[in-house]
Structures are given as C-alpha cells and as structure tokens.
Amino acid sequence: GENVEQHPSTLSVQEGDSAVIKCTYSDSASNYFPWYKQELGKGPQLIIDIRSNVGEKKDQRIAVTLNKTAKHFSLHITETQPEDSAVYFCAARGSSASKIIFGSGTRLSIRP
Amino acid sequence: DVKVTQSSRYLVKRTGEKVFLECVQDMDHENMFWYRQDPGLGLRLIYFSYDVKMKEKGDIPEGYSVSREKKERFSLILESASTNQTSMYLCASSPPGRGIGYEQYFGPGTRLTVT
C-alpha cells in the first residue's frame, strides 16, 4: 500500500546550523507533498508544501526539494533558531486524492 | 484564522466505556478528518467525511465510528474503549476540492488514556 518513510526520527543541531529531514514515498502517482510542524501541546500546522511539477520551493529559512525519479523529498531549515524545535511530519497525497499519508515524524532539537 | 477545537485536552476512561470525542471547526469546511498519533507511527487516518452525514473509512477504522450531523461538527466514537486505544487523537478540517492538494487545519488534540 501507500507508504511514506521519514528519517531521522530525532535530530539535534547547534543553533545557527542547518537541519535536513528526508522522506521517501512509495506511490509514484503522488503529486502533493506538504510538511507540517507540531509544537508542544499543539496540533500540526502546515509550514510548506510542494507539488510534483516543481523541484524546489523556498520560504525564508525553509526549503523543500523533490526528486520524483527517486521518489524522495526533503525539508531544509537554515540558520536554525530555538523556535524551530518541534516535531516535523512529511506527507504525500497518494493516488487517492481524498487522503494524505504522513511520515512517522522527526523530533528536531536546537541546542543553544 | 481557521479554528478547530476539540472538546477535551485530556480524557481518562475505563475499558469497555463508550467514549465520544467532539470536534468543531468554524470555517465552513466540507472536509473533516480524525487521526490518531502514536510515537514512531506518525498520524494515521481513522475516518474522514466530505459532507454532512457522509463518512469514509481511513486506514485504521476498527473499533471506531463517527458521526457528522452538522457541517461544523465531527464526532469520533469508541464503542467499547480498550487499552490499545490509548493515544493522542487529532481532528482536522480542510476546504472543499478533490484536486491537487489542500491544507489541513488541525485541532490541539485529545490525549485519551484507557485504563
């Protein structure tokens, strides 16, 4: 069935350094890839998304890249700050447009 | 701003009890979803609804049912709670459209413990 794998499960980086989270998906028909950030005690919130006709998208310190051939997509956070500490989920919309498949999550910690 | 509210942040129930989790959204969204979140498993879809009185099974519907009597309200029902249903439950809503991609807005979650 449809599956999204996410790595790493935990990530600790020094403040100011970059963080990269990687995901792979199984359904070659997937065409939409959102990233959600979940802060402590809150529900996930969309931070950036990319569609299959685009290879890269940036929004200030956040960027997402997509390699359709390899079925990989990644989240890049540059110049990390303490407020970037959270759990991040990648997701993919599969061949069924009615639902999104989520990855298992990455807990990102920013060290001062 | 879209607001999705859930009736309880924390809930403790006994095995065998019938449990109702309520979710309300204020943006007139057609689509509503119930997920459970468990460590290492991410978010798994239980049920979703495209319209009033309409429901579709997600990936893990066993042991759950749902009700959508009004557009703004989507309820998750555990007919007979079991300990393996201890989890964080997240409700979400999204605007209409079955085309390419739409943002889901999540509530803060209900942490349910079944003892």
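Before reading on, note that the structure itself is shown above.
Here is a short report on the structure shown in this document. Computed from a predicted structure; not experimentally measured.

Moving on to the nonpolar core. In this structure, Val4, Trp35, Phe73, Leu75 and Leu108 of chain A are the most contacted members of the largest nonpolar core, which totals 24 residues. Core analysis: the second largest hydrophobic core is formed by 20 residues, Val19, Trp34, Ala81 and Cys91 of chain B among them.

One pass over the structure, following the stated rule, counts two disulfides over all chains. Each disulfide pairs two cysteine sulfurs, and for Cys23 of chain A the partner residue is Cys90 of chain A, the sulfurs being separated by 2.0 Å. Judged by the sign of its S-S torsion, about -100°, the cystine formed by Cys23 of chain A and Cys90 of chain A is left-handed. Placement of the pair is Cys23 of chain A in strand β3 (residues 19-25) and Cys90 of chain A in strand β9 (residues 86-93), with a sequence separation of 67 residues. You'll find Cys23 of chain A and Cys90 of chain A in the same group, each marked buried. The partner cysteine of Cys23 of chain B in its disulfide is Cys91 of chain B, sulfur to sulfur 1.9 Å. Across the disulfide from Cys23 of chain B to Cys91 of chain B, rotation about the S-S bond amounts to roughly -75°, and the bridge is consequently left-handed. A residue pair is termed long-range when its members are at least 10 positions apart, and Cys23 of chain B in strand β3 (residues 19-25) and Cys91 of chain B in strand β9 (residues 87-94) qualify at 68 residues. On the basis of relative accessible area, Cys23 of chain B is assigned to the buried category, the value being 0%.

What follows covers unusual backbone geometry. The omega torsion of the bond from His7 of chain A to Pro8 of chain A falls at -5°, within 30 degrees of zero and hence cis. In this structure, Pro8 of chain A sits in the loop between β1 (4-7) and β2 (10-14). In this structure, Gln60 of chain A is a non-glycine residue whose phi angle is positive, near 60°. Mapped onto the secondary structure, Gln60 of chain A falls in the loop between β6 (56-59) and β7 (62-67). The backbone of Lys53 of chain B shows a phi angle near 65°, a positive value even though the residue is not glycine. Mapping Lys53 of chain B onto the fold places it in the loop between β5 (42-49) and β6 (56-57).

Thresholds, definitions, all that
- Residues numbered from 1 in each chain as written.
- Chains lettered and ligands numbered in written order.
- Predicted model: local features only at pLDDT ≥ 70, side-chain atom pairs only at ≥ 80, totals over all residues.
- Heavy atoms only, no water.
- Core = buried A, V, L, I, M, F, W, Y, C linked by side-chain atoms within 4.5 Å.
- Buried < 20%, exposed > 50% of the residue type's maximum accessible area, 1.4 Å probe, protein only.
- Disulfide = S-S within 2.5 Å.
- Helix = DSSP H or I, 4+ residues; strand = E, 2+ residues; numbered from the N terminus.

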